[in-house]
Amino acid sequence: MPFVDLHCDTIARLLACRRAGLPGQLRTGEGAHVTLEKLQRSGYLLQNFALFVNLQGETPPPGEGAGVEDLYRLSMGCRAGSPLEEVLTLADLYWTEMTANEDLAVPVRSFQEMERARQAGKIACLLTVEEGGVCLGSLPLLRTLYRLGVRMLTLTWNYPNELGRPNGQPGGLTRRGFQFLEEMENLGMIPDVSHLSDDGVWDVCRAARKPFVASHSSCRALHPHRRNLTDAMLRALADRGCLVGVNFYAGFLGPHGTSRLADLTRHIRHMIQVGGLDLVALGSDFDGIDCPLELEDAGHMDRLVQAMEGAGFTPREIEAVCWKNAWEFYRRVL
């Protein structure tokens, strides 16, 4: 079974490794949920690689050591002198790794390039940004990120920025946020409403002219976390031809403290029941989540297929969720 994943934080984790003085590479990174070899083992067609920036993070002192168990903390807190500097540092690392691993993976900017990668038997890698604040409210900087290959951007992470308010806070998009939405659609950069406030999600629903995504979110009706989407949101996104990637994080799936396959399949089933089959994809959040996982990394995605089969999903439903819905979405929008 092929796979497409709408979100991982592996590049930020890799940068955290380098800053901690630990070996780190995209091909075989120790302890990472996502490596190119794991993607290859599971038969991935495409992986979205997010450039994650924490606007309120702090860079550890030079030379400060860390073990592998500290990398999640570091990746959630490292930043250089400015958000823009940080995102460019991450982009440089991504492109360096793409060049070093061109035998396995190829960066893509369009659906045509995705298809060429598939025909060549290579993993397609799509560059995204997680935190619209890296643009500092500047449309020229947004266009520059597009030229660097970024094709998807979350309008916020967990803090307010020039574009809008994050989950759990009142208020939606700012005037600048609406301008960014319009320019992203003009460019062909996909808006991502994961992490955005409820008001912000509804603002995007009203203002967007094209389909957009919630790349890594789950169902609030099943677990009342502010990062999850309500049923009304799921229906609204489905009506607009959008895509939602189910998040694997335990804290979004249920109260158990472990990311259980039974909970993951329950959220997938609920999304299909509320919004229809075409709405649902995978948005693992691998390397950005810190919890025990029954589906421990990208190299064991066969466990998800087995769990879906055991939960009574049809072969057509499994194929749609695992890769086909995302592939067809990109065919329409990239």
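Residues numbered from 1 in each chain as written. Predicted model: local features only at pLDDT ≥ 70, side-chain atom pairs only at ≥ 80, totals over all residues. Heavy atoms only, no water.

Asker: Help me get a handle on the pairing of strand 4 (residues 123-130), residues and values and all.
Answerer: For strand 4, a buried count of 8 out of 8 residues is recorded, marking the element as mostly surrounded by other parts of the structure. Side chains of strand 4 alternate between two faces, with I123, C125, L127 and V129 and A124, L126, T128 and E130 buried alike. Summarising the sheet, strand 2 (residues 44-52) and strand 4 pair through 7 bridges and their orientation is parallel. Counterpart to Q47 in the pairing with strand 4 is C125. Examined bridge by bridge, strand 3 (residues 105-108) and strand 4 share 4 bridges and lie parallel to one another. The partner of P107 across the bridge, within strand 4, is C125. For the crossover from strand 3 across helix 5 (residues 111-120) to strand 4, the handedness is right-handed. The pairing of strand 4 with strand 5 (residues 150-154) spans 4 bridges and is parallel. (Buried < 20%, exposed > 50% of the residue type's maximum accessible area, 1.4 Å probe, protein only. Helix = DSSP H or I, 4+ residues; strand = E, 2+ residues; numbered from the N terminus. Pairing = 2+ DSSP bridges. Right-handed = clockwise from strand over helix to strand, strands pointing away.)

Asker: Any details on the state of the cysteines? Residues and values, ideally.
Answerer: Scanning the entire structure with this criterion turns up 0 disulfides. C291 takes part in no disulfide bond, and the closest cysteine sulfur, belonging to C8, lies 15 Å away. (Disulfide = S-S within 2.5 Å.)

Asker: Which residues make up the nonpolar core, and what values go with them?
Answerer: Nonpolar side chains in soluble globular proteins tend to be buried together. Counting 88 residues, the largest nonpolar core has L237, I268 and F286 as its most contacted members. Apart from the residues lying within four places of it in its own chain, the contact partners of I268 are V246, V280, L304, M308, F313 and V321. Membership of the second largest hydrophobic core comes to 21 residues, among which are L46, M114, A117 and L243. (Core = buried A, V, L, I, M, F, W, Y, C linked by side-chain atoms within 4.5 Å. Contact = heavy atoms within 4.5 Å.)

Asker: An account of the packing of helix 9 (residues 231-239) against helix 11 (residues 261-275) is requested, with residue identities and associated values reported.
Answerer: Close contact between helix 9 and helix 11 brings their axes to 9 Å; oriented N to C, the two are set at 60°. With respect to each other, helix 9 and helix 11 are oriented oblique. Between helix 9 and helix 11 lies a crossing of right-handed hand. Here D231, L234, R235 and A238 of helix 9 come into contact with helix 11, specifically with H270, M271, V274 and G275. Taken together, the residues that form the contact of helix 9 with helix 11 break down as 4 nonpolar, 2 polar and 2 charged. (Axes fitted to C-alpha atoms, helices over the stretch in contact; angles between N-to-C directions. Parallel < 35°, antiparallel > 145°, perpendicular 65-115°, else oblique. Left-handed = near helix turned anticlockwise from the far one by under 90°. Nonpolar A, V, L, I, M, F, W, Y, C, P; charged D, E, K, R; others polar.)

Asker: If you had to explain the environment of I272 to someone new, which residues and values would you point to?
Answerer: Here I272 lies in helix 11. What makes I272 buried here is its relative accessible area of 12%. Along the primary structure I272 and N158 are separated by 114 residues, whereas in three dimensions their C-alpha atoms are 27 Å apart. With near-sequence residues (within four places) excluded, I272 lies in contact with L277, V280, F313 and V321.

Asker: Which residues make up the environment of C135, and what are the values?
Answerer: Mapped onto the secondary structure, C135 falls in the loop between strand 4 and helix 6 (139-147). Residues contacting C135, with those up to four places away along its chain left out, are L141, L142, L145, L153 and F180.

Asker: Residue-level account of the packing of aromatic side chains, with values.
Answerer: In total, this model carries 10 aromatic pairs according to the counting rule given. Each ring, one from F52 and one from W157, has its centre 4.7 Å from the other, and the planes form 70°; the classification is edge-to-face. You can see F52 sitting in strand 2 and its partner W157 sitting in the loop between strand 5 and helix 7 (175-187), a full 105 residues away along the chain. Like W157, F52 is buried. With a centroid separation of 6.0 Å and 65° between ring planes, the pair formed by F329 and Y330 is classed as edge-to-face. Relative accessible area serves as the criterion here: at 0%, Y330 is assigned to the buried category. Here a set of aromatic residues connected by ring pairs shows up, and it is made of F49, Y94 and W95. It is R151 that lies over the ring of Y146; its NZ or CZ is 3.7 Å from the centre. (Phe/Tyr/Trp six-rings, centres within 6.5 Å; stacked < 30°, edge-to-face > 60°. Lys NZ or Arg CZ within 6 Å of the ring centre and 35° of its normal.)

Asker: Explain the side chain of H270 to me, using residue names and the numbers behind them.
Answerer: Looking at the secondary structure, you find H270 in helix 11. Apart from residues no more than four positions distant in its own chain, H270 is found in contact with C219, A221, L222, D231 and L234.

Asker: Hey, could you go over the environment of R266 for me, with residue numbers and the actual values?
Answerer: Topologically, R266 is positioned in helix 11. Note: C-alpha distance between R266 and L253 (13 residues apart in sequence) is 8.7 Å. Not counting residues up to four positions away in its chain, the partners in contact with R266 are L222 and L253.

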